[in-house]
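Topology and contacts: notes
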Amino acid sequence: MAHSDVTVIGGGIAGLAAALALQDAGRDVSIYEASSRWGGKIKSSLVGDTMVDAGPDSFLARAQPTIDLCERLGLTSQLTTPVAKVPAYIYREGKLYELPKKTLVGFPVDADAVAASGLVSDQAVAMVRNEPTLPAHENSVETIGGYCRQRFGDEITDYLIDPLVGGINASNVDTLCLHSALPLLQESLRHSHSLVFGMRQVLEKRRKESSSILGGLDTDARKRKPTFYSFSTGIASFIEALVTELHKSKMHLETPHEPIHPRDSNRYVIATPAYGAAELLKSTNPKASELLTQIRYASVAQVTLAFPKKSVTPLLDTSGIVFPRADNMLLSACTWLSSKWNHYATDDSILLRLTTGRYGNDSHTAALSNDELTTTLLKDIQQVLTIHADPTAVRVQRWPRSFPQYEPGHNKLVAEIRQSLQHKTPNITLAGAAYDGIGIPACVHSGIEAA
Ligand SMILES: Cc1cc2nc3c(=O)[nH]c(=O)nc-3n(C[C@H](O)[C@H](O)[C@H](O)COP(=O)(O)OP(=O)(O)OC[C@H]3O[C@@H](n4cnc5c(N)ncnc54)[C@H](O)[C@@H]3O)c2cc1C
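Residues numbered from 1 in each chain as written. Predicted model: local features only at pLDDT ≥ 70, side-chain atom pairs only at ≥ 80, totals over all residues. Heavy atoms only, no water.

Re the pattern of salt bridges
Quick reminder of the rule: We define a salt bridge as a side-chain nitrogen of Lys or Arg found within 4 Å of a carboxyl oxygen belonging to Asp or Glu. Starting at the N terminus, helices and strands are each numbered in turn, a helix being any DSSP run of H or I of at least four residues and a strand any DSSP run of E of at least two. Each residue is assigned to one of three classes by its accessible area relative to the maximum for its type, calculated with a 1.4 Å probe on protein chains only: buried under 20%, partly exposed between the two thresholds, exposed over 50%.
Throughout the structure, instances matching the rule amount to 21 salt bridges. Asp436 is paired through a salt bridge with Arg418; the nearest N and O atoms lie 2.9 Å apart. In this pair, Asp436 sits in the loop between strand 21 (428-430) and helix 17 (440-450) while Arg418 sits in helix 16 (residues 410-424), placing the two residues 18 residues apart along the sequence. By relative accessible area, Asp436 is classed as partly exposed at 44%. Among the ionic contacts, a cluster of salt bridges with common partners joins Arg149, Asp154, Asp158, Asp162, Asp174, Arg325 and Arg358.

What follows is the structure, given as structure tokens:
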């Protein structure tokens, strides 16, 4: 292989962001991507005759490096925000409840708002009200679930926090690390030992910050103070723009990089999943390689369906519905794509994306054929929707080993991996979803940092 100043391995968002930062710094960059397309988890494909996001469909709006990257790529005018009236519904035992107002990723900030939603019992509401009077949590608590159950009890944890926090991590709060899985929690704990008070302060801070983040955007977006963004042509526009901008770099598609040779002193950014990085490092840094294999992954699958509008009742004006683990359904979330985004709205059809797969129970999904998966998820969604017609289009997208799990000890594990790299192979650095956050902004940031 011809040598460049820096070789980036992995053409997902983290690798491409790293490559652009290096190219902008005047480096000669080569990028290797194993598959036949750029973008990794960021992908769009056809549902009927419409190109629809097949992985993520949005990213957190307040992450400045990502907003800066959008500007650098000339994408700012294409930024768009969810338009649905109700941010989310939560399913519980056959009924839908609006996500209580003033929650942050399911964390309650206001007991009255939780009470008004009708989602949980009076006792659960009383626990939210009482939470600020509890002493700080014990140091032995290691998981988000352990922490939330202590402060709010099981009902709030299982029906409010887990469906959202567990959902976005394809996991469950009882295995997610309190100290690394959700930066929002650390931020809240820095403000107060009380989660309710801490989250309130985070919420207040964000309100103030949003005006500066929104500089340069269209008036409508500014008015809405968004939490999430996508692009008016779908999220894959991010990847197309990055690839276009990387024209000075050497781009190699369908070229899996081989394990790095122990005597190879070239500089590398490895931006593959952790298990891929483990393979690449197995001869040059066996210790880091072994540690990387300890980061586990969950697999998810998504079935996206189009239906004639008149065949579905009720027609909800929402971004989606989450389904708590506690209710034992295969379905974990339904994203109402055509209500959530203007770019998927049409007069006569609706677009639903049904998601399944959580750490620990994802092998069940893998065992189902595409038809079985579609039938089962459709049966689940029909607990809340009446659907009178067959879908006019169906797309099944599986994402095996796609969500790294931040289990207790994650930060320590990542620190050990980095120490080992620094000590033994300082020419190699890591980026991507496995280390400092799984969301797109965290991956962009990690790519830029690695560069
Ligand atoms: C279904 C789904 C929905 C999601 N929804 C959201 C969302 O709404 N918002 C959000 O912020 N985040 C979301 N995420 C998370 C986010 O999309 C990912 O964490 C992020 O895109 C991962 O980027 P990455 O660059 O770290 O890794 P990847 O995208 O996994 O890219 C790594 C690349 O490395 C390549 N590779 C592996 N081995 C080699 C090798 N030896 N040589 C060369 N190339 C190699 C792979 O082919 C891959 O393309 C979602 C993820 C999934 C799966």
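Comments concerning the sheet that holds strand 12 (residues 250-252)
Selection rule: Only strands that DSSP links by at least two bridges are regarded as paired with each other. Fitted lines through C-alpha atoms give the axes, limited to the stretch in contact for helices. The angle between two N-to-C directions lies from 0 to 180 degrees.
Across the sheet, which stays open at both edges, the five strands sit in the order 12-2-1-13-21 with parallel pairing between neighbours. Both edges of this open sheet fall to strand 12 and strand 21, since each of them pairs with a single strand only. Here the average twist between neighbouring strands, direction ignored, is 15 degrees. Across three bridges, the pairing between strand 2 (residues 29-32) and strand 12 is parallel. Within strand 12, the residue paired with Tyr32 across the bridge is His252.

Some words on the sheet that holds strand 11 (residues 228-231)
Read across the open sheet, the three strands follow the order 5-11-6; overall the sheet is antiparallel. With one partner strand each, in any of the chains shown, strand 5 (59-60) and strand 6 (79-80) form the two edges of the open sheet. The pairing of strand 5 with strand 11 spans two bridges and is antiparallel. When the bridges of strand 11 are listed, Leu60 appears paired with Phe228.

Notes on the packing of helix 2 (residues 64-72) against helix 10 (residues 236-245)
Basically, it comes down to this: Angles below 35 degrees are treated as roughly parallel, those above 145 as roughly antiparallel, those between 65 and 115 as roughly perpendicular, and all remaining angles as oblique. For any pair of crossing helices, the crossing counts as left-handed if the nearer helix is rotated counterclockwise from the farther one by less than a right angle, and right-handed if it is rotated clockwise. Working rule for contacts: check all heavy atoms of both residues, and any pair within 4.5 Å makes them a contact. Put simply, Ala, Val, Leu, Ile, Met, Phe, Trp, Tyr, Cys and Pro go in the nonpolar bin, Asp, Glu, Lys and Arg in the charged bin, and everything else, Gly too, in the polar bin.
Viewed as axis vectors pointing N to C, helix 2 and helix 10 meet at an angle of 60 degrees, and their least axial separation amounts to 10 Å. One element, helix 2, and the other, helix 10, form an angle in the oblique class. When you trace helix 2 past helix 10, the crossing you get is left-handed. Residue-level contacts link Thr66, Leu69, Cys70 and Arg72 of helix 2 to Phe238, Leu242 and Glu245 of helix 10. Grouping the amino acids of the contact of helix 2 with helix 10 by side-chain chemistry returns four nonpolar, one polar and two charged.

Some remarks on the packing of helix 5 (residues 144-152) against helix 6 (residues 154-168)
The interhelical angle for the contact between helix 5 and helix 6, taken along N-to-C directions, is 140 degrees, at an axis separation of 8 Å. Helix-helix and strand crossings are classified by hand; for helix 5 and helix 6 the assignment is right-handed. Across the interface between the two elements, Ile144, Gly145, Cys148, Arg149 and Phe152 from helix 5 touch Asp154, Ile156, Thr157, Asp158, Ile161 and Val165 from helix 6. A class-by-class count of the residues in the contact of helix 5 with helix 6 yields six nonpolar, two polar and three charged.

Details of the domain arrangement of the chain
Here is the rule: An automatic or database domain assignment supplies the start and end points of every domain. Summed over both partners, the accessible area lost on bringing two parts together, with a 1.4 Å probe, is the buried area.
Each domain of the chain was delimited in the assignment, giving domain 1 (6-40 + 68-79 + 233-295 + 407-450), domain 2 (89-210) and domain 3 (298-404). On a C-alpha basis, the centres of domain 2 and domain 3 stand 25 Å from each other. Across the boundary between the two partners, domain 2 contributes 22 residues, which contact 19 residues of domain 3. When domain 2 packs against domain 3, the two sides together hide about 1600 Å² of surface, and 58% of this comes from carbon and sulfur. Sorting the residues of domain 2 by area buried against domain 3 places Tyr89, Tyr91 and Ala170 first, and these three jointly supply 43% of that buried surface. On inspection of domain 2 and its partner domain 3, the count reaches three salt bridges. Arg325 serves as the salt-bridge partner of Asp162, at 2.9 Å between the closest nitrogen and oxygen.

A few points about the site of the ligand
Selection rule: Any residue with a heavy atom lying within 4 Å of a molecule or strand is counted as near it. Here a polar contact is taken to be a pair of N or O atoms separated by no more than 3.5 Å, where protein atoms must pair a possible hydrogen donor with a possible acceptor and residues adjacent in sequence count only if both atoms sit in side chains. Calculation of accessible area relied on Shrake-Rupley with a 1.4 Å probe; when residues are assessed, cover is drawn exclusively from the protein chains displayed.
Taken together, the neighbourhood of the ligand is formed by 35 residues, with Glu33, Lys41, Ser58, Ile438 and Ile440 sitting nearest. Here Ala433 contributes a backbone N or O atom positioned 3.0 Å from an oxygen atom of the ligand. A total of 1000 Å² of accessible area belongs to the ligand in isolation, and the protein chains cover 86% of it. Where the shell around the ligand is concerned, the elements lending two or more residues are helix 1 (13-24), strand 14 (297-308), strand 20 (393-404) and helix 17. Considered class by class, the residues forming the shell around the ligand number 19 nonpolar, 13 polar and three charged. Composition of the shell around the ligand by domain shows at least three residues from each of domain 1 (6-40 + 68-79 + 233-295 + 407-450) and domain 3 (298-404).

Section: the side chain of Ser311
Along the chain, the position of Ser311 falls in the loop between strand 14 and strand 15 (312-313). Classification of Ser311 by relative accessible area gives buried; the value is 5%. Sequence-distant contacts of Ser311, defined by excluding residues within four places in its chain, comprise Thr386, Ile387, His388 and Ala389.

Thoughts on the nonpolar core
Heads up, the rule is: We call a set of buried Ala, Val, Leu, Ile, Met, Phe, Trp, Tyr and Cys residues a nonpolar core when their side-chain atoms join them within 4.5 Å.
If you look at the biggest cluster of nonpolar residues, it comprises 38 residues, and the most contacted ones within it are Phe107, Ile144, Ile156 and Leu185. Mapped onto this core, the elements with two or more residues apiece are helix 3 (111-117), helix 4 (122-130), helix 5, helix 6, helix 7 (183-191) and helix 8 (195-213). Those residues within four positions of Phe107 in sequence are excluded, and the remaining contacts are Lys102, Ile144, Cys148, Ile161, Val165, Leu182, Leu184, Leu185, Leu195 and Met199. Ranked by size, the runner-up nonpolar core spans 37 residues in total, among them Ala17, Ala19, Leu22 and Val269.

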